[in-house]
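The lines below spell out each chain.
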Amino acid sequence: MRPHRQPIHVLSSWVRRQPPKVKAFLAVVSGMAALVLLRFIVHDHDNLFVASEAVHSIGIAVLIYKLMKEKTCAGLSLKSQELTAMFLAVRLYCSFVMEYDIHTLLDLSTLSATLWVIYMIRFNLRSSYMADKDNFAIYYVVIPCAVLALLIHPSTSHHFINRIFWAFCVYLEAVSVLPQLRVMQNTKIVEPFTAHYVFALGVARFLACAHWVLQVLDSRGHLLVALGYGLWPSMVLISEIVQTFILADFCYYYIKSVLGGQLVLRLPSGVV
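Rules and cut-offs
- Residues numbered from 1 in each chain as written.
- Predicted model: local features only at pLDDT ≥ 70, side-chain atom pairs only at ≥ 80, totals over all residues.
- Heavy atoms only, no water.
- Helix = DSSP H or I, 4+ residues; strand = E, 2+ residues; numbered from the N terminus.
- Buried < 20%, exposed > 50% of the residue type's maximum accessible area, 1.4 Å probe, protein only.
- Areas by Shrake-Rupley, 256 points an atom, 1.4 Å probe, with all protein chains shown as cover.
- 1 Å grid on protein atoms, 1.4 Å probe; cavity = no way out; pocket = protein on both sides within 12 Å on 5 of 7 lines; lining within 4 Å.
- Points joined across faces, edges and corners; volume = space filled by probe spheres on them.
- Nonpolar A, V, L, I, M, F, W, Y, C, P; charged D, E, K, R; others polar.
- Polar contact = N/O pair within 3.5 Å; in protein donor to acceptor, adjacent residues only side chain to side chain.
- Contact = heavy atoms within 4.5 Å.
- Phe/Tyr/Trp six-rings, centres within 6.5 Å; stacked < 30°, edge-to-face > 60°.
- Core = buried A, V, L, I, M, F, W, Y, C linked by side-chain atoms within 4.5 Å.
- UniProt positions renumbered as here; feature names shortened; annotations may be inferred.
- Salt bridge = Lys/Arg side-chain N within 4 Å of Asp/Glu carboxyl O.
- Axes fitted to C-alpha atoms, helices over the stretch in contact; angles between N-to-C directions.
- Left-handed = near helix turned anticlockwise from the far one by under 90°.

**Details of the overall build of the protein chain**
Right, on to step 1. On a plain count of helices and strands, the protein chain comes out with 12 helices and two strands.
Right, on to step 2. Out of the 272 residues in the protein chain, the part that is buried amounts to 46%.
Right, on to step 3. With the model as given, the accessible surface of the protein chain reaches about 14,300 Å², and the carbon-plus-sulfur share is 68%.

So, in C-alpha coordinates, the structure goes:
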(Lines give C-alpha, C1' and ligand atoms only; values in the text may rest on other atoms or scores of the structure.)
Protein backbone atom coordinates (compact mmCIF):
# COMPACT_ATOMS: atom_id res chain seq x y z
CA MET A 1 0.00 0.00 0.00
CA ARG A 2 1.45 3.34 -1.05
CA PRO A 3 1.88 5.93 1.73
CA HIS A 4 -0.40 8.97 1.57
CA ARG A 5 1.43 12.02 0.24
CA GLN A 6 0.67 15.50 1.48
CA PRO A 7 -0.82 17.91 -1.09
CA ILE A 8 2.21 20.22 -0.83
CA HIS A 9 4.53 17.33 -1.78
CA VAL A 10 2.30 16.37 -4.70
CA LEU A 11 2.22 19.98 -5.91
CA SER A 12 5.98 20.50 -5.51
CA SER A 13 6.70 17.25 -7.37
CA TRP A 14 4.43 18.36 -10.21
CA VAL A 15 6.08 21.79 -10.40
CA ARG A 16 9.55 20.24 -10.35
CA ARG A 17 8.70 18.10 -13.40
CA GLN A 18 7.60 21.10 -15.48
CA PRO A 19 9.87 22.68 -18.13
CA PRO A 20 11.54 26.03 -17.33
CA LYS A 21 9.01 28.05 -19.37
CA VAL A 22 6.09 26.59 -17.41
CA LYS A 23 7.89 27.26 -14.11
CA ALA A 24 8.48 30.87 -15.16
CA PHE A 25 4.82 31.25 -16.10
CA LEU A 26 3.71 29.80 -12.75
CA ALA A 27 6.05 32.18 -10.92
CA VAL A 28 4.59 35.18 -12.77
CA VAL A 29 1.02 34.06 -12.08
CA SER A 30 1.81 33.49 -8.39
CA GLY A 31 3.42 36.93 -8.14
CA MET A 32 0.44 38.61 -9.77
CA ALA A 33 -1.96 36.78 -7.46
CA ALA A 34 0.05 37.92 -4.45
CA LEU A 35 -0.03 41.51 -5.73
CA VAL A 36 -3.81 41.40 -6.10
CA LEU A 37 -4.11 40.02 -2.57
CA LEU A 38 -1.85 42.74 -1.13
CA ARG A 39 -3.77 45.45 -2.96
CA PHE A 40 -6.97 44.52 -1.13
CA ILE A 41 -5.43 43.64 2.26
CA VAL A 42 -3.08 46.65 2.65
CA HIS A 43 -4.95 49.95 2.37
CA ASP A 44 -1.93 52.28 2.47
CA HIS A 45 0.47 50.74 -0.02
CA ASP A 46 3.31 52.99 1.15
CA ASN A 47 3.40 50.77 4.23
CA LEU A 48 4.68 47.95 2.04
CA PHE A 49 8.00 49.74 1.63
CA VAL A 50 8.28 50.21 5.39
CA ALA A 51 7.44 46.52 5.81
CA SER A 52 10.14 45.65 3.26
CA GLU A 53 12.80 47.49 5.24
CA ALA A 54 11.52 45.99 8.49
CA VAL A 55 11.76 42.44 7.08
CA HIS A 56 15.31 43.20 5.89
CA SER A 57 16.15 44.29 9.43
CA ILE A 58 14.68 41.06 10.77
CA GLY A 59 16.91 39.13 8.35
CA ILE A 60 19.97 40.98 9.66
CA ALA A 61 18.84 40.21 13.22
CA VAL A 62 18.76 36.51 12.32
CA LEU A 63 22.36 36.81 11.09
CA ILE A 64 23.43 38.52 14.30
CA TYR A 65 21.80 35.73 16.33
CA LYS A 66 23.64 33.13 14.22
CA LEU A 67 27.00 34.84 14.71
CA MET A 68 26.53 35.27 18.44
CA LYS A 69 25.08 31.82 19.15
CA GLU A 70 27.04 29.55 16.81
CA LYS A 71 30.28 31.58 16.70
CA THR A 72 30.68 30.86 12.99
CA CYS A 73 30.09 32.72 9.75
CA ALA A 74 30.28 29.63 7.54
CA GLY A 75 27.95 29.91 4.57
CA LEU A 76 27.76 33.70 4.68
CA SER A 77 29.05 35.95 1.93
CA LEU A 78 31.16 38.84 3.16
CA LYS A 79 30.93 40.39 -0.30
CA SER A 80 27.12 40.47 -0.19
CA GLN A 81 27.28 42.17 3.19
CA GLU A 82 29.74 44.75 1.83
CA LEU A 83 27.52 45.43 -1.19
CA THR A 84 24.54 45.77 1.14
CA ALA A 85 26.42 48.24 3.32
CA MET A 86 27.45 50.17 0.20
CA PHE A 87 23.96 50.65 -1.19
CA LEU A 88 22.53 51.37 2.27
CA ALA A 89 25.18 54.02 2.91
CA VAL A 90 24.48 55.69 -0.44
CA ARG A 91 20.72 55.49 0.10
CA LEU A 92 21.12 56.91 3.60
CA TYR A 93 23.08 59.85 2.19
CA CYS A 94 20.36 60.42 -0.42
CA SER A 95 17.70 60.29 2.30
CA PHE A 96 19.47 62.97 4.33
CA VAL A 97 19.95 65.37 1.43
CA MET A 98 16.74 64.65 -0.50
CA GLU A 99 13.97 63.39 1.81
CA TYR A 100 14.33 62.73 5.53
CA ASP A 101 11.59 60.36 6.79
CA ILE A 102 10.98 57.02 8.53
CA HIS A 103 12.93 55.24 5.78
CA THR A 104 16.03 57.16 6.84
CA LEU A 105 15.82 55.79 10.38
CA LEU A 106 15.21 52.24 9.14
CA ASP A 107 18.16 52.44 6.75
CA LEU A 108 20.39 53.78 9.55
CA SER A 109 19.42 50.87 11.78
CA THR A 110 19.95 48.27 9.04
CA LEU A 111 23.28 49.82 7.99
CA SER A 112 24.57 49.76 11.58
CA ALA A 113 23.64 46.09 11.94
CA THR A 114 25.20 45.24 8.56
CA LEU A 115 28.47 46.96 9.51
CA TRP A 116 28.52 44.91 12.73
CA VAL A 117 28.08 41.70 10.71
CA ILE A 118 30.95 42.74 8.42
CA TYR A 119 33.16 43.43 11.44
CA MET A 120 32.38 40.00 12.93
CA ILE A 121 33.15 38.19 9.68
CA ARG A 122 36.34 40.11 9.01
CA PHE A 123 37.83 39.93 12.48
CA ASN A 124 36.17 37.90 15.26
CA LEU A 125 35.03 34.93 13.13
CA ARG A 126 37.49 35.13 10.25
CA SER A 127 38.71 31.53 10.80
CA SER A 128 35.27 30.17 9.81
CA TYR A 129 34.82 32.45 6.79
CA MET A 130 34.62 30.41 3.56
CA ALA A 131 36.67 32.72 1.37
CA ASP A 132 37.16 30.07 -1.33
CA LYS A 133 33.38 29.74 -1.73
CA ASP A 134 32.79 33.51 -1.67
CA ASN A 135 34.45 33.95 -5.06
CA PHE A 136 32.09 36.37 -6.80
CA ALA A 137 34.02 39.41 -8.10
CA ILE A 138 32.01 42.38 -6.84
CA TYR A 139 33.41 44.73 -9.48
CA TYR A 140 31.27 42.74 -11.94
CA VAL A 141 28.24 44.45 -10.40
CA VAL A 142 29.63 47.68 -8.91
CA ILE A 143 31.14 48.99 -12.15
CA PRO A 144 28.10 48.24 -14.37
CA CYS A 145 25.80 49.79 -11.75
CA ALA A 146 27.96 52.93 -11.63
CA VAL A 147 28.04 53.22 -15.43
CA LEU A 148 24.29 52.62 -15.65
CA ALA A 149 23.70 55.29 -12.99
CA LEU A 150 25.71 57.79 -15.04
CA LEU A 151 23.64 57.02 -18.14
CA ILE A 152 20.18 56.55 -16.62
CA HIS A 153 19.24 58.50 -13.49
CA PRO A 154 16.35 60.67 -12.20
CA SER A 155 15.58 63.92 -14.00
CA THR A 156 14.36 65.66 -10.86
CA SER A 157 15.48 69.06 -9.59
CA HIS A 158 18.04 67.59 -7.16
CA HIS A 159 21.79 68.06 -7.64
CA PHE A 160 23.28 66.03 -10.49
CA ILE A 161 25.60 64.03 -8.18
CA ASN A 162 22.75 63.18 -5.83
CA ARG A 163 20.64 61.92 -8.71
CA ILE A 164 23.49 59.64 -9.83
CA PHE A 165 23.91 58.33 -6.27
CA TRP A 166 20.18 57.67 -6.07
CA ALA A 167 20.25 55.62 -9.28
CA PHE A 168 23.42 53.78 -8.19
CA CYS A 169 21.90 52.55 -4.91
CA VAL A 170 18.74 51.37 -6.74
CA TYR A 171 20.76 49.34 -9.24
CA LEU A 172 23.21 47.99 -6.66
CA GLU A 173 20.44 46.86 -4.31
CA ALA A 174 18.94 44.77 -7.13
CA VAL A 175 22.08 42.64 -7.47
CA SER A 176 23.68 42.84 -4.01
CA VAL A 177 22.55 39.31 -3.10
CA LEU A 178 24.39 37.66 -6.03
CA PRO A 179 27.59 36.85 -4.03
CA GLN A 180 25.48 35.16 -1.33
CA LEU A 181 23.75 33.09 -3.98
CA ARG A 182 27.16 32.12 -5.40
CA VAL A 183 28.24 30.87 -1.95
CA MET A 184 25.09 28.75 -1.67
CA GLN A 185 25.60 27.51 -5.22
CA ASN A 186 29.13 26.40 -4.32
CA THR A 187 28.16 24.67 -1.06
CA LYS A 188 24.74 23.24 -2.12
CA ILE A 189 23.81 22.89 1.56
CA VAL A 190 22.42 25.92 3.40
CA GLU A 191 22.20 25.85 7.19
CA PRO A 192 18.98 27.14 8.82
CA PHE A 193 19.99 30.67 9.92
CA THR A 194 21.52 31.54 6.54
CA ALA A 195 18.43 30.16 4.79
CA HIS A 196 16.16 32.26 7.05
CA TYR A 197 18.22 35.36 6.26
CA VAL A 198 18.13 34.87 2.48
CA PHE A 199 14.40 34.09 2.59
CA ALA A 200 13.85 37.32 4.54
CA LEU A 201 15.70 39.15 1.77
CA GLY A 202 13.41 37.52 -0.78
CA VAL A 203 10.30 38.62 1.12
CA ALA A 204 11.71 42.13 1.56
CA ARG A 205 12.48 42.37 -2.16
CA PHE A 206 8.97 41.21 -3.07
CA LEU A 207 7.33 43.72 -0.70
CA ALA A 208 9.43 46.55 -2.14
CA CYS A 209 8.50 45.47 -5.67
CA ALA A 210 4.82 45.24 -4.69
CA HIS A 211 5.04 48.75 -3.21
CA TRP A 212 6.24 50.28 -6.46
CA VAL A 213 3.89 48.33 -8.72
CA LEU A 214 0.82 49.09 -6.60
CA GLN A 215 1.80 52.74 -6.22
CA VAL A 216 2.00 53.04 -10.00
CA LEU A 217 -1.41 51.40 -10.36
CA ASP A 218 -2.95 53.57 -7.63
CA SER A 219 -1.66 56.75 -9.27
CA ARG A 220 -2.69 55.49 -12.72
CA GLY A 221 0.86 55.97 -13.94
CA HIS A 222 1.33 59.48 -12.55
CA LEU A 223 4.05 58.21 -10.16
CA LEU A 224 6.23 57.39 -13.14
CA VAL A 225 5.95 61.01 -14.28
CA ALA A 226 6.83 62.22 -10.77
CA LEU A 227 10.02 60.13 -10.86
CA GLY A 228 11.15 61.92 -13.98
CA TYR A 229 11.14 61.38 -17.72
CA GLY A 230 13.16 59.13 -20.02
CA LEU A 231 14.19 55.59 -19.10
CA TRP A 232 14.58 56.16 -15.35
CA PRO A 233 10.99 55.37 -14.23
CA SER A 234 11.07 52.11 -16.18
CA MET A 235 14.50 51.22 -14.76
CA VAL A 236 13.20 51.63 -11.21
CA LEU A 237 10.44 49.10 -11.83
CA ILE A 238 12.76 46.76 -13.74
CA SER A 239 15.27 46.85 -10.86
CA GLU A 240 12.57 45.96 -8.35
CA ILE A 241 11.32 43.09 -10.51
CA VAL A 242 14.85 41.79 -11.17
CA GLN A 243 15.79 41.64 -7.50
CA THR A 244 12.54 39.80 -6.75
CA PHE A 245 13.03 37.12 -9.40
CA ILE A 246 16.71 36.63 -8.50
CA LEU A 247 15.55 35.14 -5.20
CA ALA A 248 12.29 33.54 -6.37
CA ASP A 249 13.81 30.10 -7.04
CA PHE A 250 15.54 29.97 -3.66
CA CYS A 251 12.37 31.03 -1.84
CA TYR A 252 10.46 28.21 -3.53
CA TYR A 253 12.92 25.57 -2.24
CA TYR A 254 13.02 27.24 1.16
CA ILE A 255 9.23 27.01 1.59
CA LYS A 256 9.26 23.43 0.28
CA SER A 257 11.98 22.51 2.79
CA VAL A 258 10.22 24.15 5.74
CA LEU A 259 6.88 22.53 4.94
CA GLY A 260 8.68 19.21 4.61
CA GLY A 261 10.13 19.59 8.12
CA GLN A 262 13.75 19.84 6.96
CA LEU A 263 16.06 22.07 8.99
CA VAL A 264 18.92 22.06 6.50
CA LEU A 265 18.16 23.26 2.97
CA ARG A 266 19.71 21.15 0.21
CA LEU A 267 19.69 22.86 -3.16
CA PRO A 268 19.53 20.81 -6.36
CA SER A 269 21.88 21.55 -9.24
CA GLY A 270 21.02 24.64 -11.24
CA VAL A 271 19.31 26.51 -8.40
CA VAL A 272 20.56 30.07 -7.75
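Picking up after the structure, the text goes on.
**Brief notes about the environment of A167**
Right, on to step 1. Locating A167 in the fold gives a position in helix α7 (residues 160–175).
Right, on to step 2. Sequence separation of A167 and H153 is 14 residues, and the distance between their C-alpha atoms is 5.2 Å.

**Let's talk about empty space enclosed by the protein**
Right, on to step 1. Evaluated as defined, the whole model comprises one cavity of 30 Å³ or more.
Right, on to step 2. S80, T84, S176, V177, Q180, Y197, L201 and R205 are the residues that line the largest cavity.
Right, on to step 3. Elements that contribute at least two residues to the lining of the largest cavity include exactly α4 (78–98) and α9 (192–218).
Right, on to step 4. At three residues, the largest contribution of residues to the lining of the largest cavity is made by α9.
Right, on to step 5. Of the residues assigned to the lining of the largest cavity, the class counts are three nonpolar, four polar and one charged.

**A few points about the side chain of Q243**
Right, on to step 1. Mapped onto the elements of the fold, Q243 is located in helix α11 (residues 232–246).
Right, on to step 2. Of the residues examined, Q243 reaches a relative accessible area of 1% and is grouped as buried.
Right, on to step 3. Within the structure, the side chain of Q243 is placed 3.0 Å from the side chain of E240, a separation counted as a polar contact.
Right, on to step 4. Aside from chain neighbours lying at most four places away, what touches Q243 is E173, A174 and R205.

**Let's talk about the packing of aromatic side chains**
Right, on to step 1. Applying the stated rule across the entire model yields eight aromatic pairs.
Right, on to step 2. Cluster of aromatic residues (ring-pair linked, three or more members): W166, Y171 and W232.

**Considering unusual backbone geometry**
Right, on to step 1. For K71, which is not glycine, the phi dihedral falls at a positive 55 degrees.
Right, on to step 2. With respect to the helices, strands and loops of the structure, K71 is situated in the loop between α3 (47–70) and α4.

**Focus on the nonpolar core**
Taken as a class, soluble globular proteins show a tendency for nonpolar side chains to be buried jointly.
Right, on to step 1. Counting residues in each nonpolar core, the largest one holds 58 residues, and the members touching the most others are Y171, L172 and W232.
Right, on to step 2. Residues L48, A200, A204 and L214 belong to the second largest nonpolar core, which totals seven residues.

**Notes on the UniProt feature "transmembrane region" (unreviewed entry) in the protein chain**
Right, on to step 1. The UniProt record annotates "transmembrane region" (unreviewed entry) at residues 21–42, 104–125, 137–154, 160–181, 193–214 and 234–255.
Right, on to step 2. The distance separating the terminal C-alpha atoms of residues 137–154 is 28 Å; by composition the span is 72% helix and 0% strand.
Right, on to step 3. Here residues 160–181 is 91% helix and 0% strand, with 34 Å between the C-alpha atoms at its ends.

**A word on the pattern of salt bridges**
Right, on to step 1. Enumeration according to the criterion identifies seven salt bridges in this entry.
Right, on to step 2. Note that R91 and E173 form a salt bridge whose closest N and O atoms lie 3.1 Å from each other. Of the two residues, R91 is situated in helix α4 and E173 in helix α7; the sequence distance between them amounts to 82 residues.
Right, on to step 3. You can call R91 buried: its relative accessible area is 15%.
Right, on to step 4. Judged by relative accessible area, which is 12%, E173 ranks as buried.
Right, on to step 5. In the salt-bridge network here, residues are joined through shared partners; they are E53, R91, D107, E173 and R205.

**Let's talk about the packing of α3 against α4**
Right, on to step 1. For the pair α3 and α4, interaxial distance at closest approach is 14 Å and the crossing angle is 140 degrees. Crossing angle aside, the handedness with which α3 passes α4 is left-handed. Only Q81, T84, F87 and R91 of α4 make contact with α3, whose side of the interface consists of F49, E53, H56, I60 and L63.
Right, on to step 2. Among the residues forming the contact of α3 with α4, the class breakdown is four nonpolar, three polar and two charged.

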